[in-house]
Amino acid sequence: MSSVSSAVCRIALASALVLGTLAGLAGCGGAQLAPESTFVLLDGSKKTTADLKGKVTLVNFWATSCVTCVAEMPQIISTYNKYQGQGYDTLAVAMSYDPPSYVVNYAETRKLPFKVAIDNTGAVAKAWGDVQLTPTTYVVNKRGEIVKQYVGEPDFAALHRLIEKLLAET
């Protein structure tokens, strides 16, 4: 690593620590393990962070009241449909302030093809860097490490390239 990129990583790490987020860690040599969390799915079943290992997973924090979240959802569905047969998964985590009935209605009427969790206590959002802005999306590699964070709508072409790169890893 060059001294410039090393300095950039140190600044990014310091910023990430100050901001309490994982955003600054992407691309700095040591990926951050996804925080231990239990996701309560709409059907009442539970999934843990450990269950994410072995697949490339998109973890999307969203809300039915978030205009950008609703606008990006068709592309998240399309991305899931494109890669799900190759070891890719998506987990949409509804924020604690989102009424569960709205989340269930949205998931059913839009026929979301992936798992949807409701973070009714806010504990999952807190564990994942105190997520408050939606959409906030994390890309987790097969080893359970966060390799990318997006706040706002991702550049889906770049996201697809990243997913393809991560799917190719052993």
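Figured I'd write up the structure that's included with this text.

## Here's the deal with the side chain of E72
Stage number 1. By the element assignment, E72 lies in helix α2 (residues 67–83).
Stage number 2. In this structure the side chain of E72 is engaged in a polar contact, spanning 3.1 Å, whose partner is the side chain of N60.
Stage number 3. Once residues within four sequence positions are removed from consideration, E72 is found in contact with N60, P135, T137, G152, E153, P154 and F156.

## Structural notes on α2
Stage number 1. Given a rise of 1.5 Å per residue, 17 residues ought to cover 24 Å, and the 25 Å separating the end C-alpha atoms of α2 matches this to within 8%.
Stage number 2. Within α2, the axis deviates most sharply at M73, by approximately 40°, and proline P74 lies no more than four positions further along.
Stage number 3. Among the residues of α2, C69, E72, M73, I76, I77, T79, Y80 and Y83 are the ones counted as buried.
Stage number 4. Here the buried face of α2 lies against β4 (56–62), β5 (88–94), α3 (100–109), β7 (136–140) and α5 (156–168).

## Topic: the pattern of salt bridges
Stage number 1. Within this structure, the stated rule accounts for four salt bridges.
Stage number 2. A salt bridge links D130 to K126; the nearest nitrogen and oxygen atoms lie 3.8 Å apart.
Stage number 3. For D130, a relative accessible area of 35% translates into the label partly exposed.
Stage number 4. Here R143 ties to E169 by a salt bridge, and the two come within 3.7 Å at their closest N and O atoms. Here the residue R143 occupies a position in the loop between β7 and β8 (145–151), and E169 occupies one in the segment after α5, the gap between them amounting to 26 residues.
Stage number 5. Since its relative accessible area comes to 43%, R143 is described here as partly exposed.

Conventions and cut-offs
- Residues numbered from 1 in each chain as written.
- Predicted model: local features only at pLDDT ≥ 70, side-chain atom pairs only at ≥ 80, totals over all residues.
- Heavy atoms only, no water.
- Helix = DSSP H or I, 4+ residues; strand = E, 2+ residues; numbered from the N terminus.
- Polar contact = N/O pair within 3.5 Å; in protein donor to acceptor, adjacent residues only side chain to side chain.
- Contact = heavy atoms within 4.5 Å.
- Expected span 1.5 Å × (residues − 1).
- Bend = angle between axes of the 7 residues up to and from the residue.
- Buried < 20%, exposed > 50% of the residue type's maximum accessible area, 1.4 Å probe, protein only.
- Salt bridge = Lys/Arg side-chain N within 4 Å of Asp/Glu carboxyl O.

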